[in-house]
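Understanding the architecture of this molecule
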Amino acid sequence: MRRTKLTDREQVILGFNLLIIFSEFLGLVLRTYILGSIGLEYYTVLSNIASFLASMFVAYYLIRGSKVPHWVAVWRLVATTMLAITFLVVIFILPFNMGVPLWKLLFPGQMFFLHFACPVLAMCTMLFVEQYRFQSKDGNVISLPTLAYAVIIMILNAMNIVNGPYPFIRQLMSGKFTYLLAAIFLCHLVPTLIASIFYKV
């Protein structure tokens, strides 16, 4: 059933999602312009594209006066979890792994949007604005994109099609097989733990 007027809360949700759409678009365009390609081999880029699409879906259904479908809420949960992983990797791993000051990974150019603004906006929107209700079975899909990325990027590295693209991936590929298995396990465990923060079952 379509409605002609949004509630005050829905207007706030729409406003935040439009802000995410604008920030994601600007960050992805800046990245493409500065670096010459969008860089789909990067988890950062994929997580931001997923978030961009999630906000597009939310905005579409709100603007047409419909209730946001459950599958869109699940997409938002998955995308926000991916962005949270991006944010945590940037904060706690990349500065030490790359030997780069944290501020250089958070604020210059497109990194301000893709590494900082969009993840923080998406997480705050999910926690304090949208507040969707999820079912226990929704947890089954949380880690799938991260697991798929890990497996595919490792195969591409093994085939010398991709180098990295992150330094810690190159280090993993040159290490023991047990390290790779541990990394794949973490790609399942970490998204599930992060998503539990956003859950309101």
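Our focus in this paragraph is the packing of helix α3 (residues 70-92) against helix α6 (residues 111-130). One can describe the packing of α3 onto α6 by two numbers: an axis separation of 9 Å at closest approach and a directional angle of 135 degrees. Regarding the angle of α3 to α6, the classification is oblique. Once α3 is placed against α6, the crossing between them reads as left-handed. Contact residues: R76, L77, T80, L83, A84, T86, F87 and V90 in α3; L114, H115, F116, C118, P119, V120, A122, M123, M126 and E130 in α6.

Okay, the confidence of the model for the chain next. Scored by pLDDT, the chain has a mean of 90; 95% of the residues are at 70 or more. Model confidence for the chain, summarised as mean pLDDT per element, is weakest for helix α9 (residues 177-198) at 80 and strongest for helix α2 (residues 43-63) at 97.

Turning our eyes to something else, we now look at the environment of L14. By the secondary structure assignment, L14 is in helix α1 (residues 8-35). Judged by its relative accessible area of 13%, L14 is buried. Distance from L14 to E130, taken between C-alpha atoms, is 9.5 Å for residues 116 residues apart in sequence. Dropping the residues within four chain positions of it, L14 is found in contact with L6, A59, L62 and I63.

Moving on: α1. The end-to-end C-alpha distance of α1 is 41 Å, a good match for the 40 Å that 28 residues give at a rise of 1.5 Å each. Buried-residue contacts for α1 involve α2, α3 and α6. Residue G36 follows α1 closely and has a positive phi angle near 90 degrees.

Attention shifts here to the nonpolar core. Side chains of nonpolar character tend, in soluble globular proteins, to be buried together. Among the nonpolar cores identified, the biggest contains 45 residues, and V58, L77, Y132 and F134 are the most heavily contacted of them. Elements with a minimum of two residues in this core: α1, α2, α3, α5 (102-106), α6, α7 (144-158) and α9. Beyond its immediate chain neighbours, meaning those up to four positions away, V58 contacts I13, N17, V68, V72, E130 and Y132.

Calculation rules
Residues numbered from 1 in each chain as written. Predicted model: local features only at pLDDT ≥ 70, side-chain atom pairs only at ≥ 80, totals over all residues. Heavy atoms only, no water. Axes fitted to C-alpha atoms, helices over the stretch in contact; angles between N-to-C directions. Helix = DSSP H or I, 4+ residues; strand = E, 2+ residues; numbered from the N terminus. Parallel < 35°, antiparallel > 145°, perpendicular 65-115°, else oblique. Left-handed = near helix turned anticlockwise from the far one by under 90°. Contact = heavy atoms within 4.5 Å. pLDDT = per-residue confidence, 0-100. Buried < 20%, exposed > 50% of the residue type's maximum accessible area, 1.4 Å probe, protein only. Expected span 1.5 Å × (residues − 1). Core = buried A, V, L, I, M, F, W, Y, C linked by side-chain atoms within 4.5 Å.

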